[in-house]
Amino acid sequence: AGLEGPKLQKWVMQLAEQHSDAMEWLVRAGVLASAAQKTLRQRAFQQLAAGSADGSRAAFLQTLLKTSRKSEEASDVEPPKDSRALQIAGLLKWAGDGNRNGGAEKFLPILDYLIQVQCRPDRLQEVMEQKEVRHFILNAKQHEKEAMIVAQAGSIGAITVSTNMAGRGTDILLGGNPEFIAREEFRKSPEKYRQQGVDPEPPELPASGAGEEIFAAYAEAYNRWKENWAEFVGRYKTATDQEHDRVVAMGGLHILGTERHEARRIDNQLRGRAGRQGDPGSSRFYLSLEDDLLRIFAGERISKIMHRLGMEEGVPIESRLITKRIQAAQKTVESQNFDSRKHLLEYDDVMNKQRETIYGRRRDLLEGKDQKEEALEAADRVVDWLVENFCPKAHPDEWKVDALKTEFWNRFGVDLRKREVHLDAKTIEADTEDLRDVVHERYEERERMWGSERMRTHERMIMLQVVDAQWKDHLLAMDHLKEGIGLRGYGQRDPLVEYKRESYDMFEALMDRIEDESLRYLFLLRTPEEEEAMIREYQQRKRREQAEMRMVGAGAVERPKQVIRRSEKIGRNDPCPCGSGKKYKKCHGAAAPPAETPPPAQSERPSPAA
């Protein structure tokens, strides 16, 4: 409602001083302010809403009692005076005038809340006069002050609210940490303390090659800094030691937990914050049977036990049975988490093996190892695979020699029609060896064109780019496989076994694609001279085609012939000269083609097709 700080205090003071009687009656009667406002807007009470003291005041109060939330208790309320109606109307008008733009909508819910919790104005004033407990909130917004807040959590009266105090990296000393207090004091006025020779940071260590005089000066400066800083910290150590004794006498650090963690290790770490270094301490946890840990794993059983014992809702429960059930629930959660992590690790092992293979390949390429032998061996494997697929030894009648020649041209740029290679079922192994030699000769030819050194560089760069591109696609495919592999369990199949099998097949296909793409780029890569020759040939071919088109177009143009009529023109309604007795338009005139319309004049701007 926009009420906070001084505005809220002023609003509460006005409510208590000016409308205390009306508010108390509404609280006793259990009549909400919004319901009273709705009643006051009725036509019968318009004069009362305007502030006129007419005879509708008693009827207004009786109507309010009928709308009471606690009708049974409303009958026990003392008969109200007629003046109370004017006070209630004044309260509602004040709530609406507090903010003219929608004030009733903002302030009436506040009055309704106070009536629901039976908070009278005098009690509201008492609450407002109470001071808020000073505390520190440890969250992501306090990242820079985190160590300072944790270090001073052992001071007298220090209250630290945090989601998790375990593993913060800073020890909690009872009475406070003098080192952190000294640093905080230095941060307030650093220039002043630096002039006195006090600095939390030691002097900078000289370089390793500095002379003995420089190191001697550094040692002297370091000892002087150490003495000054120790003296500065000692000013606060006396106070923290005294406060330490007071905190110990009061029982030490107390840990208050509002919920139990699903892991016992976290709870033990939280308890371990108290009682460090021989100091006293205590811890206490408050739980609810509606907490997730108890509701999921132990809620029904504990609820049945509590009902048998006759425990009512809201009654605190302290029992070893509850503690044992909580520990059993934590063990169950820990075992589930362990199984899920173990299961996830088994899936990650499959990817890790593939990752090691690919990264080993990339490392060889980045280190500059010669890849010529690897490229030729991959080419031999591709040649063997092509021969086995297009010319199977067991079925000579199913050979696809033309398709094999096409594949050789597309993959290696080798035209087998110009080579003296003849495939025969009886000598297929020797023919395969001849095809390997042809591919090797083609590779050597490419190397002579590029040069040995440039060819080695091209091998590494091309293979590296192909490996990176194919590996990224493989990772995406593996993620898709992992998302749906769990559904194999519905078919009585182990998802992990299915994942290992399919991932192996996908990895084999990945390695084949890497070889195919790398070889295709290496064999079909053209030199700049070849590119220029191809461009010149393409340009010459286009010029020839354009010249031919112009010649064909010029020869096709003919001058129109003049039509000379040899006989007399026959009218459409004249008798047909064939002697049928019909009109010409009904006989031979009906089959005559219509007169041609002259073509439209062409525009000087050429059409898009031209």
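**Student:** For this particular structure, what's the right way to read the overall build of the protein chain?
**Tutor:** In terms of regular secondary structure, the protein chain is built from 23 helices and four strands. Partitioning the intrachain contacts of the protein chain with sequence separation of at least 6 by distance along the chain shows that 67% fall at a separation of at least 24. Surface accessibility of the protein chain: about 42,200 Å² in total, with carbon and sulfur atoms responsible for 50%.

**Student:** For this particular structure, what's the right way to read the nonpolar core?
**Tutor:** For soluble globular proteins, nonpolar side chains are generally found buried alongside one another. Phe408, Phe412 and Tyr499 are the most contacted members of the largest nonpolar core, which has 45 residues in total. The next biggest cluster of nonpolar side chains, apart from the first, holds 34 residues, and it includes Leu26, Ala85, Leu91 and Phe107.

**Student:** Help me understand the pairing of strand E4 (residues 281-285) in this model?
**Tutor:** Put simply, side chains in a regular strand alternate between the two faces of the sheet. Note: strand E3 (residues 253-257) against E4, five bridges, orientation parallel. From the neighbouring strand, histidine 254 faces E4, where its bridge partner is serine 282. A crossover connection joins E3 to the parallel E4 through helix H14 (residues 264-271); in handedness this β-α-β unit is right-handed.

**Student:** Honestly, the packing of aromatic side chains in this entry has me stumped. Any pointers?
**Tutor:** The relation between two aromatic rings is expressed through the spacing of the ring centres and the mutual angle of the planes. Under the criterion given, the structure shown has eleven aromatic pairs. Measuring from ring centre to ring centre gives 6.3 Å for phenylalanine 186 and tyrosine 193, while their planes differ by 40°; the resulting arrangement is tilted. Taking the centre distance of 5.5 Å and the plane angle of 40° together, the rings of tyrosine 222 and tryptophan 225 count as tilted. Placement of the pair is tyrosine 222 and tryptophan 225 together in helix H13 (residues 212-249), with a separation of three residues, close to one helical turn. Among the residues examined, tyrosine 222 registers a relative accessible area of 31% and is labelled partly exposed. Judged by relative accessible area, which is 15%, tryptophan 225 ranks as buried. Its end group placed over the ring of phenylalanine 285, arginine 260 keeps NZ or CZ at 5.5 Å from the ring centre.

**Student:** What should I look at first to understand helix H20 (residues 428-450) in this one?
**Tutor:** Since the α-helix turns once every 3.6 residues, residues separated by three or four places project in the same direction. With 23 residues, H20 ought to run about 33 Å at 1.5 Å a step, and its terminal C-alpha atoms sit 33 Å apart, in line with that. Inspection of H20 places Ile428, Asp431, Thr432, Leu435, Arg436, Val438, Val439, Arg442, Tyr443, Arg446, Glu447 and Trp450 among the buried residues, and these make up the whole buried set. After H20 finishes, the residue glycine 451 shows a positive phi value of roughly 100°.

**Student:** I would appreciate a short explanation of a nonpolar patch on the surface in the present structure.
**Tutor:** Side chains of Val133, Ile137, Ile159 and Val161 sit close together on the surface and give an oily, nonpolar patch of about 320 Å² of accessible area. One can find isoleucine 137 in strand E1 (residues 136-138).

**Student:** What is the right way to look at the side chain of aspartate 199 in this model?
**Tutor:** Tracing the backbone through its elements, the reader meets aspartate 199 in the loop between helix H12 (190-195) and H13. Here glutamate 201 takes part through its backbone nitrogen, which lies 3.0 Å from a polar atom of the side chain of aspartate 199. Beyond its immediate sequence surroundings of up to four residues, aspartate 199 is in contact with Phe186, Arg194, Trp225 and Trp229.

**Student:** Help me understand the pattern of salt bridges, please; the structure alone is not making it clear to me.
**Tutor:** Any two side chains of opposite charge can pair if their charged atoms end up close together. This structure, assessed with the given rule, holds 32 salt bridges. In this structure, glutamate 220 and arginine 224 form a salt bridge, with 3.9 Å as the shortest nitrogen-oxygen distance. Here the residue glutamate 220 and the residue arginine 224 both occupy positions in helix H13, the gap between them amounting to four residues, near one helical turn. Exposure remark for glutamate 220: the relative accessible area of 52% places this residue in the exposed category. Ionic pairing is found between aspartate 364 and lysine 369, a salt bridge with its closest N-O pair at 3.3 Å. Given the relative accessible area of 42%, lysine 369 is considered partly exposed. Overlapping salt bridges, with partners in common, bring together Asp370, Lys372, Glu444, Glu447, Arg456 and Glu459 in one network.

**Student:** Explain the packing of H20 against helix H21 (residues 452-484) here, please?
**Tutor:** Helix-helix packing: each pair is described by the crossing angle between the helix axes and the interaxial distance. At a minimum axis separation of 6 Å, H20 and H21 run at an interaxial angle of 115°. Taken as axis vectors, H20 and H21 run roughly perpendicular relative to one another. Handedness of the crossing formed by H20 with H21: right-handed. For the pair formed by H20 and H21, the contact residues are Tyr443, Arg446, Glu447 and Trp450 on the first element and Ser452, Arg454, Met455, Arg456, His458 and Glu459 on the second. The class makeup of the residues in the contact of H20 with H21 is three nonpolar, two polar and five charged.

**Student:** Any chance you could explain the packing of helix H18 (residues 372-390) against helix H22 (residues 495-524) here in plain terms?
**Tutor:** Between H18 and H22, whose axes approach to 10 Å, the crossing angle comes to 110°. As the angle between them shows, H18 and H22 are arranged roughly perpendicular. Each of Ala375, Ala378, Ala379, Arg381 and Val382 in H18 lies in contact with H22, whose residues at this interface are Glu515, Asp516, Leu519, Leu522 and Phe523. Its residues placed into classes, the contact of H18 with H22 shows seven nonpolar, no polar and three charged.

**Student:** Is there a simple way to explain unusual backbone geometry in this structure?
**Tutor:** Most peptide bonds take the trans configuration, and most residues that are not glycine carry a negative phi. For glutamine 118, which is not a glycine, the phi torsion comes out positive at approximately 55°. With respect to the element layout, glutamine 118 can be found in the loop between helix H8 (103-116) and helix H9 (121-129). Assessed through its relative accessible area of 46%, glutamine 118 is described here as partly exposed. You will see that glutamine 492, though not glycine, has its phi angle at about 60°, which is positive. Structurally, the position occupied by glutamine 492 is in the loop between H21 and H22.

**Student:** Explain the side chain of glutamine 330 to me, please; I cannot follow it from the model alone.
**Tutor:** Within the element layout of this structure, glutamine 330 appears in helix H17 (residues 320-366). Accessibility expressed as a relative area gives 0% for glutamine 330, which makes it buried. Only 2.7 Å separates the side chain of glutamine 330 from the side chain of aspartate 267, close enough to count as a polar contact. When residues no more than four places from it in sequence are discounted, the contact partners of glutamine 330 are Arg260, His261, Glu262, Ala263, Arg264, Asp267 and Leu293.

**Student:** Teacher, can you tell me more about the confidence of the model for the protein chain here?
**Tutor:** Close inspection of predicted coordinates is inappropriate in any region flagged by low pLDDT. Of all residues in the protein chain, 84% have pLDDT values of 70 or greater, and the mean over the chain is 79. Mean pLDDT values over the elements of the protein chain span from 46, in helix H6 (residues 71-74), up to 90, in H21. When the criterion is pLDDT under 50, residues 98-104 qualifies, and its contacts beyond four places in sequence or with other chains add up to nine contacts. Within the model, pLDDT remains below 50 along residues 595-610, and this stretch shows zero contacts once partners closer than five positions in the same chain are excluded.

**Student:** Just to check I follow, could you spell out the environment of leucine 524 for this structure?
**Tutor:** One can find leucine 524 in helix H22. Put simply, leucine 524 and phenylalanine 412 are 112 residues apart on the chain and 6.5 Å apart in space, counted from C-alpha to C-alpha. In contact with leucine 524, not counting residues within four places along its chain, are Trp409, Asn410, Arg411, Phe412 and Gly413.

Rules used in this analysis
Residues numbered from 1 in each chain as written. Predicted model: local features only at pLDDT ≥ 70, side-chain atom pairs only at ≥ 80, totals over all residues. Heavy atoms only, no water. Helix = DSSP H or I, 4+ residues; strand = E, 2+ residues; numbered from the N terminus. Contact = heavy atoms within 4.5 Å. Areas by Shrake-Rupley, 256 points an atom, 1.4 Å probe, with all protein chains shown as cover. Core = buried A, V, L, I, M, F, W, Y, C linked by side-chain atoms within 4.5 Å. Buried < 20%, exposed > 50% of the residue type's maximum accessible area, 1.4 Å probe, protein only. Pairing = 2+ DSSP bridges. Right-handed = clockwise from strand over helix to strand, strands pointing away. Phe/Tyr/Trp six-rings, centres within 6.5 Å; stacked < 30°, edge-to-face > 60°. Lys NZ or Arg CZ within 6 Å of the ring centre and 35° of its normal. Expected span 1.5 Å × (residues − 1). Patch = residues over 30% accessible without salt bridge, like charges linked within 9 Å, V, L, I, M, F, W, Y side chains within 5 Å. Salt bridge = Lys/Arg side-chain N within 4 Å of Asp/Glu carboxyl O. Polar contact = N/O pair within 3.5 Å; in protein donor to acceptor, adjacent residues only side chain to side chain. Axes fitted to C-alpha atoms, helices over the stretch in contact; angles between N-to-C directions. Parallel < 35°, antiparallel > 145°, perpendicular 65-115°, else oblique. Left-handed = near helix turned anticlockwise from the far one by under 90°. Nonpolar A, V, L, I, M, F, W, Y, C, P; charged D, E, K, R; others polar. pLDDT = per-residue confidence, 0-100.

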